[in-house]
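Take a look at the letters that make up each chain.
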Amino acid sequence: MSADGGSSRQHAHTSTKSRDDTAGGTGVMGQIIRSALDDAGLDAEEPREGLFVFDLPGERKLATPCQLSVGDHALAVHAFVCRNPDENHEAVYRWLLTRNLRLFGVAFGLDHNGDIYLDGRLPLSVVTPEELDRLLGSVLTYADESFNTILELGFAASIRKEWEWRISRGESTRNLDAFRGWLERDEDPSAPPC
């Protein structure tokens, strides 16, 4: 008898069938993933069986590198959001943890270098083209919506330095437009807060 109340013999048989259908992304699961990625217009590479690597196009964060990995029991999604912040780590992490309370299907996490990712898992039994679309939509939305806030909190000094350098040389500041409000306010101490 296994911990879930079924016999271990039945459990082993179900596990093997599941693995045959999904192992290495070559079975039904691989077909579902390939089809969903194709339908979304995403150009995915398969560096090895069961691993799909692609970029999700965004607006604030122009591209979010993403991978789907088919395991024995779950489909994992792993998406790079931002490198390890230069500063203000506590505020960045507090903001990420607070955001985690409102996310669907994924959560913010850190890797061993302190880089910020969105990670999630779905049981293979619920993976459909619709659920995959919903999961990837969540990743894209959360990475894109969060990107500028993470930069403001974790890279303010670098952004300010770049802004000042561009202004002093008459260079375009267009790529810093998202931060213009607080950068211009910092230049003029008499300016009211936004």
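Nothing here was measured: the structure is a model prediction, and the numbers come from that model.

1. Overview of the overall build of the protein
So, point 1. Per the secondary structure count, the protein includes 6 helices and 6 strands.
So, point 2. Going residue by residue from the N terminus, the α and β elements of the protein occur as α-α-β-β-β-β-α-β-β-α-α-α.
So, point 3. A buried classification covers 36% of the 194 residues belonging to the protein.
So, point 4. In the protein, once contacts between residues fewer than 6 apart in sequence are set aside, the share between residues at least 24 apart is 54%.

2. Focus on the sheet that holds strand S2 (residues 51-57)
So, point 1. Spatially, S1-S2-S3-S4-S6-S5 is the arrangement adopted by the 6 strands of the open sheet, whose pairing is antiparallel. In this open sheet, the two strands that pair with only one neighbour each are strand S1 (45-48) and strand S5 (107-110). Strand-to-strand twist across the sheet, computed as the mean angle between neighbouring axes with direction ignored, equals 30°.
So, point 2. Pairing analysis gives 4 bridges linking S5 to strand S6 (residues 116-123), with the strands arranged antiparallel. By the bridge assignment, Leu110 is partnered in S6 with Ile116.
So, point 3. Its contacts with the sheet place helix H3 (residues 89-100) against S5 and S6, and it is angled at close to 150° to S5.
So, point 4. Contacting S2, strand S3 (63-70), strand S4 (74-82), S5 and S6, helix H4 (residues 129-154) runs over the sheet at an angle of about 20° to S4.

3. Quick word on the environment of Ile159
So, point 1. Along the chain, the position of Ile159 falls in helix H5 (residues 156-169).
So, point 2. Remark: the alpha-carbon pair of Ile159 and Leu176, spanning 17 residues in sequence, is separated by 7.8 Å.
So, point 3. Beyond its immediate stretch of four places on either side in the chain, Ile159 contacts Leu151, Glu152, Leu176, Phe179, Trp182 and Leu183.

4. A look at H4
So, point 1. An ideal rise of 1.5 Å per residue puts 38 Å on 26 residues; H4 measures up with 36 Å between its terminal C-alpha atoms.
So, point 2. The sharpest bend along H4 reaches about 40° and sits at Phe147.

5. Re the pattern of salt bridges
Pairs can form between side chains of opposite charge once their charged atoms are near each other.
So, point 1. Under the definition given, this model contains 9 salt bridges.
So, point 2. Here Arg94 and Glu90 are joined by a salt bridge, their closest N and O atoms 3.9 Å apart. With Arg94 and Glu90 both in helix H3 and 4 residues apart, this pair spans about one turn of that helix. For the pair Arg94 and Glu90, a shared accessibility class is recorded, and that class is exposed.
So, point 3. In this structure, Arg134 engages Glu131 in a salt bridge whose closest nitrogen and oxygen atoms are separated by 2.8 Å. Remark: Glu131 and Arg134 occur in helix H4; sequence separation between them is 3 residues, near one turn of the helix.
So, point 4. Each member of the salt-bridge network shares a partner with another, and the members are Asp177, Arg180 and Glu184.

6. Observations concerning the layout of surface pockets
So, point 1. In this structure, the largest pocket spans a volume of roughly 180 Å³.
So, point 2. What lines the largest pocket is a set of 14 residues, among which Ala40, Leu42, Asp133, Leu136 and Gly137 lie closest to the centre.
So, point 3. Put simply, the parts of the chain that give the lining of the largest pocket at least two residues each are helix H2 (28-39), S2 and H4.
So, point 4. Per element, the largest residue contribution to the lining of the largest pocket is 7 residues, and it comes from H4.

7. Considerations on the side chain of Asp144
So, point 1. Assignment of secondary structure puts Asp144 in helix H4.
So, point 2. For Asp144, a relative accessible area of 9% puts it in the buried group.
So, point 3. In terms of polar contacts, Asp144 uses its side chain to reach the backbone amide nitrogen of Arg60, at 2.9 Å.
So, point 4. In contact with Asp144, not counting residues within four places along its chain, are Gly58, Glu59, Arg60 and Lys61.

8. Considering the pairing of S3
So, point 1. Residues Thr64, Cys66, Leu68 and Val70 point to one face of S3 and are all buried, whereas Ala63, Pro65, Gln67 and Ser69, pointing to the other face, are not buried.
So, point 2. Alignment of S2 against S3, held across 7 bridges, turns out to be antiparallel. By the bridge assignment for S3, Phe52 is matched with Leu68.
So, point 3. Adjacent in sequence and paired antiparallel, S2 and S3 are bridged by 5 residues.
So, point 4. Looking at chain direction, S3 and S4 are connected through 5 bridges and run antiparallel. Within S4, the position partnered with Val70 by the bridge is Leu75.
So, point 5. Counted along the chain from S3 to the antiparallel partner S4, the turn is 3 residues long.

The rules we used
- Residues numbered from 1 in each chain as written.
- Predicted model: local features only at pLDDT ≥ 70, side-chain atom pairs only at ≥ 80, totals over all residues.
- Heavy atoms only, no water.
- Helix = DSSP H or I, 4+ residues; strand = E, 2+ residues; numbered from the N terminus.
- Buried < 20%, exposed > 50% of the residue type's maximum accessible area, 1.4 Å probe, protein only.
- Contact = heavy atoms within 4.5 Å.
- Pairing = 2+ DSSP bridges.
- Axes fitted to C-alpha atoms, helices over the stretch in contact; angles between N-to-C directions.
- Expected span 1.5 Å × (residues − 1).
- Bend = angle between axes of the 7 residues up to and from the residue.
- Salt bridge = Lys/Arg side-chain N within 4 Å of Asp/Glu carboxyl O.
- 1 Å grid on protein atoms, 1.4 Å probe; cavity = no way out; pocket = protein on both sides within 12 Å on 5 of 7 lines; lining within 4 Å.
- Points joined across faces, edges and corners; volume = space filled by probe spheres on them.
- Polar contact = N/O pair within 3.5 Å; in protein donor to acceptor, adjacent residues only side chain to side chain.

Purely geometric numbers; function is a separate question.
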